[in-house]
Amino acid sequence: MATISKIKKAANEVKIMKKNGLRAFFIKLFFSAKMAWHGVAAKPLRTFLTVLGIAIGVASVISLMGIGEGARLEVLKQFESLGSNVIVIKAQDPKVEFSPDEAFELKERVSGIKYATPIIKTKAIMRWRRARGEVDILGAGSEYYKVRDYKVITGHFFTEWHVKERAKVAVLGYNLGKSLLNGRSPVGATFTLNNETYRVVGVLSKKGNSQEGLDDLIIIPYTTALKIAEKRTVDEIWIKADSAKSADLAIAQLGRIYRRKLGIDLKAPKINPENQNKEWQGEKGKLPNPESAENPTTPTEKPENNKNTTSDIIAGKELITITNMNNLIEEADKANRVMTLLLAGIASVSLLVGGLGIMNIMLVAVSERISEIGLKRALGAKKSDLLLQFILESVILSLLGAVAGILAGIWGVKIFTTYGLYAVVSINALKVSTFVALGCGLIFGVYPAYLASSVPPVEALRR
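Okay, so let's go over this structure. It should be emphasised that the depicted structure is a prediction, and the values quoted were computed from it without experimental measurement. (Residues numbered from 1 in each chain as written. Predicted model: local features only at pLDDT ≥ 70, side-chain atom pairs only at ≥ 80, totals over all residues. Heavy atoms only, no water.)

Now for the packing of aromatic side chains. The full count for this structure, using the stated rule, is six aromatic pairs. With a centroid separation of 6.2 Å and 45° between ring planes, the pair formed by Y144 and Y150 is classed as tilted. Overall, Y144 belongs to the buried group, its relative accessible area being 1%. Judged by centre distance (6.3 Å) and plane angle (15°), the ring pair of F191 and Y198 falls under stacked. By relative accessible area, F191 is classed as buried at 2%. Accessibility expressed as a relative area gives 1% for Y198, which makes it buried. Ring pairing ties together the aromatic residues Y145, F157 and F158, which thus form one cluster. (Phe/Tyr/Trp six-rings, centres within 6.5 Å; stacked < 30°, edge-to-face > 60°. Buried < 20%, exposed > 50% of the residue type's maximum accessible area, 1.4 Å probe, protein only.)

The next subject is the nonpolar core. If you look at the biggest cluster of nonpolar residues, it comprises 68 residues, and the most contacted ones within it are I89, L106, F191, I218 and Y258. No other element matches the eight residues that strand β2 (residues 113-128) contributes to this core. Ranked by size, the runner-up nonpolar core spans 28 residues in total, among them A36, I62, L397 and A452. (Core = buried A, V, L, I, M, F, W, Y, C linked by side-chain atoms within 4.5 Å. Helix = DSSP H or I, 4+ residues; strand = E, 2+ residues; numbered from the N terminus.)

As a further point, take the pattern of salt bridges. Across all of its chains, the model carries seven salt bridges by this definition. Between E143 and K107 there is a salt bridge, with the nearest N and O atoms lying 2.9 Å from each other. Here K107 lies in helix α3 (residues 101-109) and E143 lies in the loop between β3 (131-140) and α4 (144-147), a separation of 36 residues in the sequence. K107 gets classed as partly exposed once you look at its relative accessible area, which sits at 26%. Between K123 and D136 there is a salt bridge whose closest N-O contact spans 2.4 Å. In this pair, K123 sits in strand β2 while D136 sits in strand β3, placing the two residues 13 residues apart along the sequence. Residue class for K123 comes out partly exposed when judged on its relative accessible area of 44%. Residue D136 is classed as partly exposed on the basis of its relative accessible area of 36%. Several salt bridges share partner residues, and in doing so they unite K90, K121 and E236 into one network. (Salt bridge = Lys/Arg side-chain N within 4 Å of Asp/Glu carboxyl O.)

Our next topic: helix α12 (residues 383-418). Its 36 residues place the ends of α12 53 Å apart at the C-alpha level, agreeing with the 52 Å of an ideal helix rising 1.5 Å per residue. Directly beyond the C-terminal end of α12, a positive phi value near 95° is found at G420. (Expected span 1.5 Å × (residues − 1).)

What follows is the structure, given as structure tokens:
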């Protein structure tokens, strides 16, 4: 029992010593910080110039990373407006075009395809009341808005019946639908395309700025658009897979289908358009089944090895491209992240210069305060006390510069946005710039602090 009580007593003494030691440390830290603040405040002009160097560096990092991040988000927004898990099959040569029925055959034959639609782009003369001009027309199937992840904000999208009957109906992009009746719903209104009357059945949701100008398009059934364009074939087929994995599998299957259709030998990628046409007339234009019929030249690539954004059907000369928009978005994101990091690296140079400024100022402070250092050492101050004081001075300078730089950087981002640049205040930029600023203050303050603590008391008092 006596042994247990001694152990408990010893443990209590250790706790008290630890508590007193921790309390003594905080008291020491408080007074060291107080002396460091007095040292910083004693030379206001010098302090201001030092803080200004750090602030400029931090503001540069935040502003440039904000511009880079804003550009990245804007590009991603444009790509995402194309829809998720979307595959685009596009003819790159006038000799190679698609029958509209191919889209529906692919939907039945390729696993993982949820929606498919043929696409044809053309132009027509539109007349609305007294206004007249040329407009862009997009012919599509009834599933187009599902492929592109559109929402119909008023009215409805045209149906399969409208497509089969070549109905003269139209769905308007957001901007066009808003401008026709000054913001009122144009559903039910009529206009003419090439002197034929069309009725508005719906208006699509806003997609924002994009390369295709989706908000300014007039979308009509592809059967009607083919009549306007005086064609029987379409230029593109848009497909939506039910998942990202299904999109990768579909890319592989579609590559096999169209390589067989074009009669391409992967070892000798050449085609004879005349022989190709004769071959496919014999099959009545139907697409081949990639899993049937012996074909030694059919590629057998696996989906996991298919990492290309675009599957080029013919090497050297693209007749058909099959593009997975998911991969396109990923590559655009990577490219813009690299640009953002590059801008941050350039801006970080100014932070390095600011850190060197802190080191220079602290070296001057040490040389000016030699007598003060000697007096403190003579009164019992330890090396660790002086080291802590001067390190805290450099940290205070860098902290003030970081706060001023963050405010200036946020203000700079707002200025960029007012002049049309898409920029955002990045949380990562705030973290990185603050961390680097404090790190510079700490690193570049260690050497002057070490010099200050290493001065012998007698020599310091003699000076």
